[in-house]
Amino acid sequence: NAGVTQTPKFQVLKTGQSMTLQCAQDMNHEYMSWYRQDPGMGLRLIHYSVGAGITDQGEVPNGYNVSRSTTEDFPLRLLSAAPSQTSVYFCASSYVGNALNQPQHFGDGTRLSIL
Amino acid sequence: KQEVTQIPAALSVPEGENLVLNCSFTDSAIYNLQWFRQDPGKGLTSLLLIQSSQREQTSGRLNASLDKSSGRSTLYIAASQPGDSATYLCAVSTNAGKSTFGDGTTLTVKP
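Residues numbered from 1 in each chain as written. Chains lettered and ligands numbered in written order. Predicted model: local features only at pLDDT ≥ 70, side-chain atom pairs only at ≥ 80, totals over all residues. Heavy atoms only, no water.

**Section: the sheet that holds strand β7 (residues 64-66) of chain A**
Residues and elements named next belong to chain A.
And step 1. If you trace the 4 strands from one edge of the open sheet to the other, you get β1-β3-β8-β7, paired in antiparallel fashion. Both outer strands of the open sheet, β1 (4-7) and β7, are each paired with one neighbouring strand and no more. If you compare each strand with its neighbour and ignore which way they point, the axes differ by 20° on average.
And step 2. Pairing between β1 and strand β3 (residues 19-25): 4 bridges, direction antiparallel. Directly across from Gln6, in β3, lies its bridge partner Cys23. (Pairing = 2+ DSSP bridges. Helix = DSSP H or I, 4+ residues; strand = E, 2+ residues; numbered from the N terminus. Axes fitted to C-alpha atoms, helices over the stretch in contact; angles between N-to-C directions.)

**Let's talk about the nonpolar core**
And step 1. With 22 residues, the main nonpolar core has B:Phe25, B:Leu33, B:Trp35, B:Leu75, B:Ile77, B:Tyr88 and B:Leu107 as its most contacted residues.
And step 2. Residue assignment for this core shows that the elements contributing at least two residues are β3 (19-25), β4 (32-38), β5 (44-51), β7 (62-67), β8 (72-77), β9 (86-95) and β11 (105-110) of chain B.
And step 3. Setting aside residues up to four positions removed in sequence, B:Tyr88 forms contacts with B:Gln6, B:Leu21, B:Phe36, B:Arg37, B:Leu47, B:Leu75, B:Ile77, B:Gly104, B:Thr105 and B:Leu107.
And step 4. Formed by 20 residues, the second largest nonpolar core is a distinct cluster that contains A:Met19, A:Met32, A:Val66 and A:Cys91. (Core = buried A, V, L, I, M, F, W, Y, C linked by side-chain atoms within 4.5 Å. Buried < 20%, exposed > 50% of the residue type's maximum accessible area, 1.4 Å probe, protein only. Contact = heavy atoms within 4.5 Å.)

Shape is all these values report; function is a separate question.
So this is what it looks like as structure tokens:
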């Protein structure tokens, strides 16, 4: 059981480049989300999804796009990378169901540097 | 807007000591509160989840309490070990799918 898998683990981009961070889970979780973690600012929610075909914005959505075509996958797209998007990105998933009270499972993160 | 504060930011204790980590939140209308552990360069591992209707949860040497009315939670670690060294984060959920995290407490347990 792989849990939540994020790829790549590390990435360096130049300003203006675009890329997609991949996230996949094999637990049949309805809910998936993307966070960024920055020193002194904790984890902040970027986008989330409560099921295939449904996405919504979190606290810091600007500069990022998401889609959810399958239950398993929730990719995060950076449209035009900026140095301010240098961060560690985490994907998380959990059951929804009767369960606002289900623990979130996190991937190991993608460390992204924008030059 | 929900705000979550964790005090202290860092804590260093000798092995074997019992310790308490604190988490406070500003909006008491929460669905649950979750404590996580994060090791350097790694993701978050869920330790305990307390539903809004519960007062505490226990797992091994860990005990988490929740006082919604005062907006506080504590994580109690008994008989600390060097392997407990990590950053501990709390997160509160106020809507389905939205969690607000604290900045964490970095714990060092010295042998």
